[in-house]
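# Summary of structural features
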Amino acid sequence: MKSDPDSQHGNQPIPKNAFLIVEGDQVFSLDRALINIGRRSDNQLVIDDPRVSRAHAQVRVIAGQFVLFDLQSKGGTSVNGRRIERAVLSPGDVISLAGVPLLFGQGTADKTLKHPLTSPPGSTGPTNAVDLNEADRYLDMFANDSDAASGVKND
């Protein structure tokens, strides 16, 4: 019998309204205790970029916090510019999967709104709502950081 990897973490309370912003424009809700990230289609978060390994990284809930693990990827994983094997994530952390940028965010529960990326078609409500105001704030921050890094000035 095959063990469900999520069942090992099933008793962990999942922190509310956490998300990853992938490449500055896709919001991925962190609504499970275990999320596999990589190029392979059976990952919960699929990143179709040749720099990303098939099984690149994993986000786990441990002691009420999201912890990012590198799965011995070829291109490496970094948080805020430091290469990691494991790191506890904090809101605003910039993650790089072999150069593919992600931003970790976490909003407040009282401002949640339905988001098309978090609700299956035909559902009556979000499966795990993301605070869109918070996500937009992180997207703006991500865009400004990207512009600063590239030397582009916004007026």
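Notes on the structure follow.

Parameters at a glance
Residues numbered from 1 in each chain as written. Predicted model: local features only at pLDDT ≥ 70, side-chain atom pairs only at ≥ 80, totals over all residues. Heavy atoms only, no water. Helix = DSSP H or I, 4+ residues; strand = E, 2+ residues; numbered from the N terminus. Buried < 20%, exposed > 50% of the residue type's maximum accessible area, 1.4 Å probe, protein only. Contact = heavy atoms within 4.5 Å. Areas by Shrake-Rupley, 256 points an atom, 1.4 Å probe, with all protein chains shown as cover. Pairing = 2+ DSSP bridges.

## Structural notes on the overall build of the protein chain
Check the secondary structure of the protein chain and you find one helix and 11 strands. Starting at the N terminus and ending at the C terminus, the protein chain contains elements arranged as β-β-β-β-β-β-β-β-β-β-β-α. In the protein chain, buried positions account for 42% of the 155 residues. By sequence separation, contacts in the protein chain at least 24 residues apart represent 40% of the contacts at least 6 residues apart. Looking at the protein chain as shown, the accessible area adds up to about 8,900 Å², and 47% of this sits on carbon and sulfur atoms.

## Focus: the pairing of strand E10 (residues 94-97)
Burial of the side chains of E10 is restricted to one face: Ile95 and Leu97 are buried, whereas none of Val94 and Ser96 on the reverse face is. Note: strand E7 (residues 77-79) against E10, three bridges, orientation antiparallel. Opposite Val79, over in E10, you have Ile95 as the bridge partner. Note: E10 against strand E11 (residues 100-106), four bridges, orientation antiparallel. Of the residues in E11, the one forming a bridge with Leu97 is Val100. Hairpin connection between E10 and E11: a loop of two residues separates the two successive antiparallel strands, and Ala98 in this loop has a positive phi of roughly 55°.

## Brief notes about the environment of Gly107
With respect to the helices, strands and loops of the structure, Gly107 is situated in the loop between E11 and helix H1 (132-150). Between the alpha carbons of Gly107 and Ala18 there is a distance of 6.5 Å; along the sequence they are 89 residues apart.

## Description of the sheet that holds strand E4 (residues 45-46)
Taking strand neighbours across the sheet as the criterion, the five strands line up as E4-E3-E5-E6-E9 in an open arrangement whose pairing is mixed. A strand with exactly one partner marks an edge of an open sheet, and here the two such strands are E4 and strand E9 (86-88). In this structure, strand E3 (residues 34-38) lies alongside strand E5 (residues 57-62), joined through four bridges in antiparallel fashion. Following the sheet pairing, Leu34 is matched in E5 by Arg60.

## Let's talk about the pairing of strand E1 (residues 18-22)
For E1, a buried count of five out of five residues is recorded, marking the element as mostly surrounded by other parts of the structure. Covered by surrounding structure in E1 are Ala18, Leu20 and Val22 together with Phe19 and Ile21, the residues of both alternating faces. One ladder, built from five bridges, connects E1 with E11; its direction is antiparallel. By the bridge assignment, Leu20 is partnered in E11 with Phe104. Pairing between E1 and strand E2 (residues 26-29): four bridges, direction antiparallel. The residue bridging Val22 from the neighbouring strand is Gln26, located in E2. Where E1 folds back onto E2 in an antiparallel hairpin, the turn is made up of three residues, including Glu23, whose phi is positive at roughly 50°.

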